[in-house]
Amino acid sequence: MADDKKTIIVFSGDLDRAMAAMIIARGAAAMGNEVTLFFTFWGLNLLRRPEPVKVKKDLLAAMFGWMMPRGAGKVSLSKMHMGGMGTAMMQHVMKTKNVPTLPEMIAEAQEFGVKFIACTMSMDVMGIKEEELIDGVEFGGVAAYLGSADEANVNLFI
Amino acid sequence: MADDKKTIIVFSGDLDRAMAAMIIARGAAAMGNEVTLFFTFWGLNLLRRPEPVKVKKDLLAAMFGWMMPRGAGKVSLSKMHMGGMGTAMMQHVMKTKNVPTLPEMIAEAQEFGVKFIACTMSMDVMGIKEEELIDGVEFGGVAAYLGSADEANVNLFI
Amino acid sequence: MADDKKTIIVFSGDLDRAMAAMIIARGAAAMGNEVTLFFTFWGLNLLRRPEPVKVKKDLLAAMFGWMMPRGAGKVSLSKMHMGGMGTAMMQHVMKTKNVPTLPEMIAEAQEFGVKFIACTMSMDVMGIKEEELIDGVEFGGVAAYLGSADEANVNLFI
């Protein structure tokens, strides 16, 4: 086990929880850690490209795709979303405080070398295809996660 | 600390979070890890027997019992439940993809030797009796959790 | 890494999740661990003083302040809140079972020497000032968290 490895399972696709994950990941990477993020379930939505991607899907997969937010720029607070007003307020405050947006945080994390792994089993169940996700994402399952977690000294589930 | 021990606190009783817990637990056990799951708060509902169990309860405990889902076959998605439609859609997709149901995942985890501990303090507060839970569950408190977590190299809270 | 250090990121401000955090923190401290809690996002509300505190805020910060619960005595269950009835029922049951209230658990954790750190970045975004928080809280950011987590053998995100 190395003191300089961290993993986070990004299960949540909520704006607030995703920001927490990215702030920790970016901070740990900036301090010299090797950070691996595993995106699973709703967390996968954070990795979706904002533009529609032409892929063949069956009806249910297409429905899931329509109902779920397309990318980190579309996600909402887990609390106080209030029909969008709370989320917009929070994003406005973050802007005035010069806090990066969530898509910017994600891009910065990738620039800092944080490794992104999308959970292939969740992708299969939710009907999300590799082409629909942003660049720089690797693909793996629970074995890949456990391999990284075994070597890390901080493992979080967000 | 051993590299082959893992613990998960299963706090959530949501279908999606419980599936994540079970997929990690089952995967880790299959790879030779000693895995301990601590079921607390809403997570206890995952361990309830599906059939009614005759136990003496006061009114409030009985009310909690009626309001909470009876077993892993009754729980809902934390997001997109949509009055049951989203949860049913997800379960349908899982079936077509040959992903086991949550009760099947739980049974498989037990077969793989994953240890299940129900939090006695939560059981007391929520009025859940030992007889109401599925077979193969042990009982313990925060000291039991900490004892296991101290020996594990991956500890998650889900 | 020492076997006797633990950290918890208290992200959630829900009654049930906060209780879980406090029960683990108090238990670990009672067993001789050095426990550090990082309060961030909604978790910060748990540290707010119950009485109004006169501080200068801009309109958005003031609005956030009004909308969010003022202190651990005001927070709700994440599930079955039911317009307050579920939360009141749970608090009633806890009282009859002699389980301490959440504010009591927080005070006890502090007495047991659990270190409380409020996330300065979240405070800035949510417009929460140091004077609004209870006594005995330190202030720090992600670097403070990572410094503690690197030395701990159990790190949870709640």
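Small disclaimer: the values here were computed from a predicted structure and weren't measured.

(A) Up close: the pairing of strand β1 (residues 5-10) of chain B. Residues and elements named next belong to chain B. Most of β1 is tucked away: 6 of the 6 residues are buried. Side chains K5, T7 and I9 project from β1 onto one buried face, and the interleaved K6, I8 and V10 project onto a second face that is buried too. As judged from the 6 bridges shared by β1 and strand β2 (residues 34-39), these two strands associate in the parallel manner. The residue of β2 that forms the bridge with V10 is F39. Each parallel crossover has a hand, and for β1 linked through helix α1 (residues 15-30) to β2 it is right-handed. Two strands pair when backbone bridges link them, and β1 and strand β5 (residues 154-157) are joined in this way by 4 bridges, in the parallel orientation. If you follow T7 over to β5, its bridge partner there is N155.

(B) The arrangement of the confidence of the model for chain A in detail. Summarising the model, chain A shows a mean pLDDT of 94, and 98% of its residues fall at 70 or more. This complex was scored by the predictor with a pTM of 0.96 and an ipTM of 0.95.

(C) Layout of the interface of chain B and chain A. At the junction of the two partners, chain B supplies 31 residues and chain A supplies 27 residues. Taken together, the two surfaces of chain B and chain A that pack against each other cover about 2600 Å², and 77% of this comes from carbon and sulfur. Ranking the residues of chain B by area buried against chain A places B:R17, B:M80 and B:M89 at the top, with a combined share of 21%. Between chain B and chain A we count 3 salt bridges in total. Of the charged contacts, one joins B:K6 and A:D150 as a salt bridge, the two residues approaching to 2.5 Å between their closest N and O atoms. Run the count over chain B and chain A and you get 5 residue pairs in polar contact (both at pLDDT 80 or more).

(D) Representation of the relation of the copies chain B and chain C. For the match of chain B to chain C, the screw axis carries a shift of 0.0 Å, the RMSD comes to 0.0 Å, and the turn is 120 degrees. What the rotation and shift describe, once combined, is the action of a three-fold rotation axis.

(E) Seen up close, unusual backbone geometry. Despite not being glycine, A:F41 shows a phi value in the positive range, around 45 degrees. The phi angle at B:N98 is positive, at roughly 60 degrees, despite the residue not being glycine.

(F) The arrangement of the relation of the copies chain B and chain A in detail. Take chain B, turn it by 120 degrees, move it 0.0 Å along the axis, and it overlays chain A with an RMSD of 0.0 Å. A share of only 16% of the interface residues of chain B reappears at the interface of chain A, consistent with the copies meeting through non-equivalent patches.

(G) A look at helix α4 (residues 102-111) of chain A. Among all positions of α4(A), only A:L102, A:M105, A:I106 and A:A109 are buried. Seen end-on, α4(A) carries its buried residues on one side only, within an arc spanning 100 degrees. For α4(A), the secondary structure elements touched by its buried residues are α1 (15-30), α3 (85-96) and β3 (115-119) of chain A together with α5 (120-126) of chain C. Just past α4(A), the residue A:G113 takes up positive phi, approximately 90 degrees.

(H) Main features of the sheet that holds strand β5 (residues 154-157) of chain A. Across the sheet, which stays open at both edges, the 5 strands sit in the order β4-β3-β2-β1-β5 (chain A) with parallel pairing between neighbours. Lying at the two open borders of the sheet, with one neighbouring strand each, are β4 (137-140) and β5 of chain A. When strand polarity is set aside, the average angle formed by the axes of neighbouring strands in this sheet is 20 degrees. This element, α1(A), spans β1 (5-10), β2 (34-39), β3 and β5 of chain A of the sheet and lies at about 155 degrees to β2(A). Packed onto the sheet, helix α6 (residues 142-151) of chain C meets β1 and β5 of chain A and runs at close to 115 degrees relative to β5(A).

(I) Looking closely at the side chain of C:N155. Among the secondary structure elements, C:N155 is positioned in strand β5 (residues 154-157). Taking the relative accessible area as the measure of exposure, C:N155 reaches 4% and is therefore buried. Here the side chain of C:N155 touches A:N153 through a polar contact of 3.5 Å, landing on its backbone oxygen. One polar contact links C:N155 to C:T7, side chain to side chain, over a distance of 2.6 Å. Ignoring any residue separated from it by four or fewer positions in sequence, one finds C:N155 in contact with A:N153, A:V154, A:N155, A:L156, B:N155, C:T7, C:Y145 and C:A149.

(J) Looking closely at the interface of chain B and chain C. Counting residues at the interface gives 27 residues for chain B, matched by 31 residues for chain C. The contact between chain B and chain C buries some 2600 Å² in all, and 77% of this surface belongs to carbon and sulfur atoms. Applying the counting rule to chain B against chain C returns 3 salt bridges. Note that B:D14 is salt-bridged to C:K79, the shortest N-O span being 2.5 Å. Across the chain B-chain C interface, the total number found is 6 residue pairs in polar contact (both at pLDDT 80 or more). Considering each element in turn, the side of chain B that touches chain C owes the most residues, 6 residues, to helix α6 (residues 142-151) of chain B. Here the side of chain B that touches chain C is built from residues that sort into 21 nonpolar, 2 polar and 4 charged.

(K) Quick look at the packing of α1(A) against α4(A). Residue and element names in this part refer to chain A. Axis separation between α1 and α4 bottoms out at 10 Å; the angle between their running directions is 30 degrees. Classed by the angle they form, the pair α1 and α4 counts as roughly parallel. The two elements α1 and α4 meet at a crossing, and its hand is left-handed. Side by side, α1 and α4 meet where L15, A18, M19, M22, I23 and R26 of the first sit next to L102, M105, I106, E108 and A109 of the second. Across the contact of α1 with α4, the residue classes tally to 9 nonpolar, no polar and 2 charged.

(L) Summary view of the environment of A:E108. Residue and element names in this part refer to chain A. Within the secondary structure layout, E108 lies in helix α4. Judged by relative accessible area, which is 24%, E108 ranks as partly exposed. Taking C-alpha positions, E108 is 7.2 Å from R26, a pair spaced 82 residues apart along the chain. Among all residues touching E108, those that are not within four sequence positions of it are R26 and P100.

Parameters and conventions
- Residue numbers run consecutively from 1 along every chain, following the written order of its sequence.
- A letter from A marks each chain and a number from 1 marks each ligand, given out in the order of writing.
- The predicted nature of this model means local features are confined to residues of pLDDT at least 70 and side-chain atom pairs, given and counted, to a pLDDT of 80 or more, with totals for whole chains, interfaces and linings taken over all residues.
- Side-chain calculation: all heavy atoms of the structure are included, whereas hydrogens and water are not.
- Residue exposure (1.4 Å probe, protein chains only): buried if accessible area is under 20% of the type maximum, exposed if over 50%, otherwise partly exposed.
- Put simply, DSSP marks the helices as runs of H or I at least four residues long and the strands as runs of E at least two long, and each gets a number from the N terminus on.
- Only strands that DSSP links by at least two bridges are regarded as paired with each other.
- Clockwise travel from the first strand over the helix to the second, with the strands pointing away from the viewer, marks a crossover as right-handed.
- Every residue gets a pLDDT, meaning the predictor's confidence in that residue, from 0 to 100.
- A contact between two residues is defined here by any heavy atoms of the two lying within 4.5 Å.
- Two parts placed together each lose some accessible area under a 1.4 Å probe, and adding up what both lose gives the buried area.
- The term salt bridge refers to a side-chain nitrogen of Lys or Arg lying within 4 Å of a carboxyl oxygen of Asp or Glu.
- In protein, a polar contact requires one atom able to donate a hydrogen and another able to accept it; more generally it is a pair of N or O atoms within 3.5 Å, and residues adjacent in sequence count only if both atoms are side-chain atoms.
- The copies are overlaid by a least-squares fit using only the C-alpha atoms of residues whose pLDDT is at least 70 in both copies.
- Directions are taken from the helix axis to each C-beta atom, and the arc is the one they span.
- Angles here are taken between N-to-C directions and fall from 0 to 180 degrees, while the axes themselves are lines fitted to C-alpha atoms, restricted in helices to the stretch in contact.
- Charged residues are taken to be Asp, Glu, Lys and Arg, nonpolar residues to be Ala, Val, Leu, Ile, Met, Phe, Trp, Tyr, Cys and Pro, and polar residues to be all remaining types, Gly included.
- With respect to orientation, any angle under 35 degrees is reported as roughly parallel, any angle over 145 as roughly antiparallel, any angle of 65 to 115 as roughly perpendicular, and every other angle as oblique.
- By definition, any crossing whose near helix is turned counterclockwise from its far helix by less than a right angle is left-handed, and any crossing with a clockwise turn is right-handed.

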